[in-house]
Amino acid sequence: MTLLEIQGINKSFRGLHALRDVDISVDEGEIVGIIGANGAGKTTLFNCVTGAFPPDSGRVTLDGRDITGAKMHVLARSGLVRTFQLMRPFHTMTTLENVTIAVQSRGVRPERAARDEAATLLDRTGLWSWADAESGSLPTAVQKRLELTRALAMRPRVLLLDEVLAGLVPSERTPVLDLLDELRREEGVTMLFIEHIMTAVRRLSDRVVMMDQGAVIARGSVDDVLHDPRVIEAYLGKEYGDAA
Ligand SMILES: Nc1ncnc2c1ncn2[C@@H]1O[C@H](COP(=O)(O)OP(=O)(O)OP(=O)(O)O)[C@@H](O)[C@H]1O
Ligand SMILES: [Mg+2]
């Protein structure tokens, strides 16, 4: 059953056609990877889907309900949660406080209960030893995991992940990939994830969508898409050839 349906999305910025008739549908429990070179429009698509700005045209539905242009806090209540390519924790707060606020955004009260739940989540994502550290001073790898932990605190049904592995060395990627795998297996979380690291795309994706210059130019199984000559030309043959 289709859970998230993105249909005919267009978005222009002062003459730059950043998204062109983008259609992507994601079934319940499925993990779909979005690949594409820098500037292809991947983050802009997430911005259109999560209400950062409305698309010029097109429609987004979640479980059959129209959510086009809905704001992030409204979407989170419906179970759609995103992470940011550039992290946005509250820098002067500790890691534990940041996650506590995310738990509270679901209406969990009193604060003590929210903190206990946040602590359990930090333990699960391997961040408990950083609980009292100020978020602004965290190493990149920890900040990326904090971004993911905050998303999990909102109990997503659909998770939109924008380069959660960027800036992590291979040994730091594995636990994150293991966690995403576990979320799918044990909680049936549906995911749409943007990623440049091809080993991760191969490991996680049920299907892949390739974007180039604002349009979807290939879609299908991981192997089909990564061997598509248009994909190789537009992407893999260039700077990311080594990543495959
Ligand atoms: N708010 C904005 N105003 C103007 N132009 C924008 C805005 N957001 C994105 N763009 C432009 O839209 C195009 C697509 O950018 P986007 O960030 O979506 O690419 P991306 O596929 O996420 O790239 P990367 O892999 O580098 O993250 C780029 O040319 C970018 O400069
Ligand atoms: Mg991006």
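A brief structural summary.

Criteria and cut-off values
- Residues numbered from 1 in each chain as written.
- Chains lettered and ligands numbered in written order.
- Predicted model: local features only at pLDDT ≥ 70, side-chain atom pairs only at ≥ 80, totals over all residues.
- Heavy atoms only, no water.
- Near = heavy atom within 4 Å.
- Polar contact = N/O pair within 3.5 Å; in protein donor to acceptor, adjacent residues only side chain to side chain.
- Areas by Shrake-Rupley, 256 points an atom, 1.4 Å probe, with all protein chains shown as cover.
- Core = buried A, V, L, I, M, F, W, Y, C linked by side-chain atoms within 4.5 Å.
- Buried < 20%, exposed > 50% of the residue type's maximum accessible area, 1.4 Å probe, protein only.
- Helix = DSSP H or I, 4+ residues; strand = E, 2+ residues; numbered from the N terminus.
- Domains from an automatic or database assignment.
- Contact = heavy atoms within 4.5 Å.
- Pairing = 2+ DSSP bridges.
- Axes fitted to C-alpha atoms, helices over the stretch in contact; angles between N-to-C directions.

### Here's the deal with the site of ligand 1
In the vicinity of ligand 1 there are 14 residues, among which Asn-38, Gly-39, Lys-42, Thr-43 and Thr-44 approach most closely. At 2.8 Å from an oxygen atom of ligand 1 is found a main-chain nitrogen or oxygen belonging to Gly-39. Separating an oxygen atom of ligand 1 from a side-chain N or O atom of Gln-85 is a distance of 2.9 Å. Coverage of ligand 1 by the protein chains reaches 65% of its 640 Å² of free accessible surface.

### Overview of the nonpolar core
Counting residues in each nonpolar core, the largest one holds 52 residues, and the members touching the most others are Ile-35, Leu-159, Leu-161, Leu-165, Leu-180, Met-191 and Met-210. Looking at this core, the element that brings in the most residues is helix H5 (residues 140-153), giving seven residues. In this structure, this core is formed jointly by two domains, domain 1 (2-79 + 156-243) and domain 2 (91-150), each of which donates at least three residues. Excluding residues within four positions of it along the chain, Met-210 makes contact with Ile-35, Gly-36, Ala-215, Val-216, Ile-217, Ala-218, Val-225, Val-231, Ala-234 and Tyr-235. Counting residues in each nonpolar core, the second largest holds 27 residues, with Val-26, Ala-40, Ala-70 and Leu-192 among its members.

### Some points on the sheet that holds strand E8 (residues 190-194)
Pairing is mixed across the open sheet formed by six strands, whose spatial order is E6-E7-E8-E3-E9-E10. Both outer strands of the open sheet, strand E6 (80-82) and strand E10 (215-220), are each paired with one neighbouring strand and no more. Neighbour to neighbour, the strand axes of the sheet diverge by 15° on average, direction disregarded. Where strand E3 (residues 31-35) lies against E8, four bridges are found, and the strand directions are parallel.

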